[in-house]
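# Geometric and topological summary
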Amino acid sequence: MPKMKTKSAAKKRFSFTASGRVKAGPAGKRHGMIKRTTKFVRDASGAMILCESDAKIVKKYMPYDR
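Thresholds applied
Residues numbered from 1 in each chain as written. Predicted model: local features only at pLDDT ≥ 70, side-chain atom pairs only at ≥ 80, totals over all residues. Heavy atoms only, no water. Core = buried A, V, L, I, M, F, W, Y, C linked by side-chain atoms within 4.5 Å. Buried < 20%, exposed > 50% of the residue type's maximum accessible area, 1.4 Å probe, protein only. Helix = DSSP H or I, 4+ residues; strand = E, 2+ residues; numbered from the N terminus. 1 Å grid on protein atoms, 1.4 Å probe; cavity = no way out; pocket = protein on both sides within 12 Å on 5 of 7 lines; lining within 4 Å. Points joined across faces, edges and corners; volume = space filled by probe spheres on them. Nonpolar A, V, L, I, M, F, W, Y, C, P; charged D, E, K, R; others polar.

Among the nonpolar cores identified, the biggest contains 8 residues, and these are Ala10, Phe16, Val22, Ala24, Leu50, Ala55, Val58 and Met62. The set of elements that each furnish at least two residues to this core consists of strand E2 (22–24) and helix H3 (52–61).

Attention shifts here to the environment of Gly20. Topologically, Gly20 is positioned in the loop between strand E1 (14–16) and E2. Sequence separation between Gly20 and Ala55 is 35 residues, and the spatial gap between their C-alpha atoms is 9.7 Å.

Moving on to the layout of surface pockets. Considering only enclosed or pocket space, the largest pocket measures out at about 190 Å³ in volume. Taken together, Lys12, Arg13, Phe14, Ala24, Gly25, Pro26, Ala27, Gly28, Lys29 and Arg30 make up the lining of the largest pocket. Looking at the lining of the largest pocket residue by residue, the classes come out as 4 nonpolar, 2 polar and 4 charged.

The following block contains the structure:
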């Protein structure tokens with residue numbers, strides 16, 4: 001059986017916590033901060049934990065990173 005491949009896009013965007021939950025950066029922070037409200041930019045700082053249904057999809061993309 002050949003090795004499974006990790007999706008390159010997923011390994012750049014997601015990481016795992018020690019307990020196995022998926023950590024991601026919030027959406028909408030790549031560019032265009034001028035037109036965003038201050039509240040949006042403030043709330044979108046830091047990292048967030050994905051919900052279980054989204055985490056299941058990401059874990060399929062990253063078979064060895066647990």
